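Close look at the chain arrangement
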Amino acid sequence: MAEVKLKKKICLKRKEKPAEFVFTKYIKIKLLWKKMTMNDPDLCVFFKTKDGQVGGVFSSMFRQKKSDMGSLEEFPYMEHMGDNIERSEGNESVLEQINVSNLDNIDTANVVVLDCSTPREGEYADLAQARGSGYVEIQSSEGDYFEIAIDPDKSGIIYHVCSIKNRDGINSVVNEGVMMDLGTAFERIPGFSLICVCE
């Protein structure tokens, strides 16, 4: 992708109004970490289409399906980049990245970070460790540039970072900032059930 001159970064605070942005080619959604304090956080996008369908784009490790990583050439026009992530120019590490080429059929896309890894000895999976270190960046092909901190107010492994909405061709992003347990995410985030094993 061609290099884009980014506008001044806007840090979205919790409960702010949606921030509008424009893109004609792509948006990049990146999970970054200033210092690694966790096991293996995952970046996911779960969505609901304008006709009510639900889906998601996430690592193929969840269900062992390469198709779960999506595609930029066909629906859902989102792709988890796997190991093909871009490098950060600062001290941060880009852990995961999802690119989006089209939102025309998407009503709402929910950006979620979760850590379902098996803890190492002496450690435990908890996204609260991300406070002050982890965040998500959203960059558009037109230079719009947003940062949403992972700033949980309690312990947990599922964090609803932000939502991206498409209303009559107007795209916007809002900081959701909500830690959820598995049952809540299953009920409230369309498409999250795709990575849940129900018996």
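What comes next is a walk through the structure.

Some thoughts on the overall build of the chain
Within the chain one finds one helix and 13 strands. Tracing the chain from N to C terminus, the helices and strands come up as β-β-β-β-β-β-β-β-β-β-β-β-β-α. The buried share of the chain, reckoned over its 199 residues, is 49%. For the chain, the computed accessible surface area is about 10,700 Å², with 46% contributed by carbon and sulfur atoms.

Quick notes on the sheet that holds strand S3 (residues 27-33)
Strand order across the open sheet formed by seven strands is S1-S11-S10-S3-S8-S7-S6, with mixed pairing between neighbours. At either end of the open sheet lies a strand with only one pairing partner, and these are strand S1 (10-11) and strand S6 (70-71). Sheet topology note: the strand S10 (residues 134-140)/strand S11 (residues 145-149) ladder contains five bridges and is antiparallel. Pairing of Glu137 across the sheet is with Glu147, part of S11.

Observations regarding unusual backbone geometry
Cis peptide bonds are those with omega within 30 degrees of zero, and the linkage from Phe75 to Pro76 qualifies with 15°. Along the polypeptide, Pro76 turns up in the loop between S6 and strand S7 (78-80). Here Tyr77, not a glycine, exhibits a phi torsion of approximately 60°, which is positive. By the element assignment, Tyr77 lies in the loop between S6 and S7.

Considering the pattern of salt bridges
Per the stated rule, a full pass over the model turns up five salt bridges. Here Glu137 makes a salt bridge to Lys9, at a shortest N to O gap of 3.3 Å. Here Lys9 lies in the segment before S1 and Glu137 lies in strand S10, a separation of 128 residues in the sequence. With relative accessibility at 29%, the residue Lys9 sits in the partly exposed group. Within this structure, Lys9, Glu137 and Glu147 form a network of salt bridges that share partners.

Focus: the packing of aromatic side chains
Tallying each qualifying case throughout the model produces six aromatic pairs. Centre to centre, the rings of Phe47 and Phe75 are 5.7 Å apart; their planes meet at 90°, and the pair counts as edge-to-face. Of the two residues, Phe47 is situated in strand S4 (residues 42-49) and Phe75 in the loop between S6 and S7; the sequence distance between them amounts to 28 residues. By relative accessible area, Phe47 is classed as buried at 4%. By relative accessible area, Phe75 is classed as partly exposed at 39%. By way of ring pairs, the aromatic residues Phe46, Phe58, Phe62 and Phe192 are connected into one cluster.

Regarding the side chain of Ser141
Mapped onto the secondary structure, Ser141 falls in the loop between S10 and S11. Among the residues examined, Ser141 registers a relative accessible area of 11% and is labelled buried. Within the structure, Ser141 has its side chain in polar contact with the backbone nitrogen of Thr24 (distance 3.4 Å). In terms of polar contacts, Ser141 uses its side chain to reach the side chain of Glu142, at 2.7 Å.

Here we look at the sheet that holds strand S2 (residues 19-21)
Judged by pairing direction, the sheet is antiparallel, and its six strands sit side by side in the order S2-S13-S12-S9-S4-S5 without closing on themselves. Across the chains shown, the open sheet's two edge strands, defined by having one partner strand only, are S2 and strand S5 (54-57). Across the sheet, the mean angle separating the axes of adjacent strands is 25° when strand polarity is ignored. Pairing geometry for strand S9 (residues 106-114) and strand S12 (residues 158-167), over seven bridges, is antiparallel. Considered in S12, the bridge of Ala109 is made with Ile164.

What to know about the pairing of S9
Every other side chain in a regular strand lies on the same face of the sheet, so the side chains alternate between the two faces. With eight of nine residues buried, S9 lies mostly within the body of the structure. In this structure, S4 lies alongside S9, joined through eight bridges in antiparallel fashion. When the sheet's bridge partners are listed, Val45 is paired in S9 with Val111.

Calculation criteria
Residues numbered from 1 in each chain as written. Predicted model: local features only at pLDDT ≥ 70, side-chain atom pairs only at ≥ 80, totals over all residues. Heavy atoms only, no water. Helix = DSSP H or I, 4+ residues; strand = E, 2+ residues; numbered from the N terminus. Buried < 20%, exposed > 50% of the residue type's maximum accessible area, 1.4 Å probe, protein only. Areas by Shrake-Rupley, 256 points an atom, 1.4 Å probe, with all protein chains shown as cover. Pairing = 2+ DSSP bridges. Salt bridge = Lys/Arg side-chain N within 4 Å of Asp/Glu carboxyl O. Phe/Tyr/Trp six-rings, centres within 6.5 Å; stacked < 30°, edge-to-face > 60°. Polar contact = N/O pair within 3.5 Å; in protein donor to acceptor, adjacent residues only side chain to side chain. Axes fitted to C-alpha atoms, helices over the stretch in contact; angles between N-to-C directions.

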